[in-house]
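Commentary on secondary and tertiary structure
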Amino acid sequence: MLSVKEVLESHREAGYRYGAGQISTTWSMLGKLAGRHGRRELPGTARLLEPLILNTRRVVPTMDGRHVAQTAHGVAKVQRGARWRGSDALWDALTARAASVACDFRPQHHANMA
C-alpha cells in the first residue's frame, strides 16, 4: 500500500483532473492509512490536505451516494487517526450532497455516513 506522502503527492500531480471516483478513493486510502499509522505518519498533514479538500469540494456536487459516503467515511477516519479536524466547508458540502442523494443510499452507504 502507498504511504500518505505518496497518496498526497499523486493528488498534487494530477488531482485537478480527479472526478468523484478518484477523490473518494483517495480519501478512502488516506483513511485506511490513518487507521494503521495514525499520528505517526500524519503529523503536519493539514497543510498538505488543503489541495485535496479544495478538489473534494469542487467535485462533491457531482457525487453519487456511494462516493459521498466513501468520501465522508475516509475524511472521518483521517480526522480521527490524525487528530486533525476537517474544514467546516468540506463537511457542509458532504452533508448537503448526502441529503440530496440519500434516497440512492444502500445499507453500506448509510453505515459509512454514521
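The rules behind the values
Within any chain, residue numbers begin from 1 and follow the written order of that chain's sequence. Local features are withheld for residues below a pLDDT of 70 in this predicted model, meaning they are given only at 70 or higher, and side-chain atom pairs are given and counted only at 80 or more; totals for whole chains, interfaces and linings count all residues. For side-chain calculations, the full set of non-hydrogen atoms in the structure is used, while hydrogens and water are omitted. We define the nonpolar core as a collection of buried residues of types Ala, Val, Leu, Ile, Met, Phe, Trp, Tyr and Cys that are connected through side-chain atoms lying within 4.5 Å of one another. Summary of the burial criterion: residues with accessible area below 20% of their type's maximum are buried, those above 50% are exposed, and those between are partly exposed, where the area comes from a 1.4 Å probe applied to protein chains only. Strands here are runs of E lasting at least two residues and helices are runs of H or I lasting at least four, both read from the DSSP assignment and numbered beginning at the N terminus. What makes two residues a contact is simply this: any of their non-hydrogen atoms within 4.5 Å. Here a polar contact is recorded for every N or O atom pair within 3.5 Å, except that within protein the pair must consist of a potential hydrogen donor and a potential acceptor, and residues adjacent in sequence are included only if both atoms are side-chain atoms. A carboxyl oxygen of Asp or Glu within 4 Å of a side-chain nitrogen of Lys or Arg is what we treat as a salt bridge. Lines fitted to C-alpha atoms define the axes here, with helix axes fitted over just the stretch in contact, and angles between the N-to-C directions of these axes take values from 0 to 180 degrees. What sets the label is the angle itself: under 35 degrees gives roughly parallel, over 145 gives roughly antiparallel, 65 to 115 gives roughly perpendicular, and the rest give oblique. Take the far helix as the reference: if the near one is turned anticlockwise from it by less than a right angle, the crossing is left-handed, and if turned clockwise, right-handed. Residues are sorted three ways: Asp, Glu, Lys and Arg are charged, Ala, Val, Leu, Ile, Met, Phe, Trp, Tyr, Cys and Pro are nonpolar, and all the rest, Gly among them, are polar.

Attention now goes to the nonpolar core. In terms of nonpolar packing, the biggest core is built from 28 residues, with W27, L30, L49 and W84 touching the most fellow members. Listing elements by their share of this core, those giving two or more residues are α1 (4-14), α2 (20-37), α3 (45-59), α4 (65-82) and α5 (88-101). Each residue touching W27, except ones within four places of it in the same chain, is listed here: L49, L52, I53, T56, T71, G74, V75, V78, W84 and L90.

What follows covers the side chain of S24. In this fold, S24 is placed in helix α2. By relative accessible area, which is 0% here, S24 ends up buried. Among the polar contacts listed, one links the side chain of S24 to the backbone oxygen of G21, at a separation of 3.1 Å. Ignoring sequence-local partners within four residues, the contact set of S24 consists of H67, Q70 and T71.

Here the focus is the pattern of salt bridges. The full count for this structure, using the stated rule, is one salt bridge. Residues R12 and E9 are paired through a salt bridge, measuring 2.6 Å at the closest nitrogen-oxygen approach. Placement of both R12 and E9 in helix α1 is noted, with a separation of three residues, approximately one turn of the helix. With a relative accessible area of 57%, R12 lands in the exposed category.

What follows deals with the packing of α4 against α5. At a closest axis distance of 9 Å, the pairing of α4 and α5 adopts a crossing angle of 150 degrees. Put simply, α4 runs roughly antiparallel to α5. Between α4 and α5 lies a crossing of left-handed hand. Only L90, W91, L94, R97, A98 and V101 of α5 make contact with α4, whose side of the interface consists of G65, V68, T71, A72, V75, A76 and Q79. When the residues that make up the contact of α4 with α5 are grouped by side-chain class, the tally is nine nonpolar, three polar and one charged.

With that out of the way, let us pick up the environment of G15. For G15, the position within the fold is in the loop between α1 and α2. Remark: the alpha-carbon pair of G15 and T26, spanning 11 residues in sequence, is separated by 9.7 Å. Excluding residues within four positions of it along the chain, G15 makes contact with S10, N55 and R58.

Limitation: the analysis is restricted to geometry and does not speak to function.
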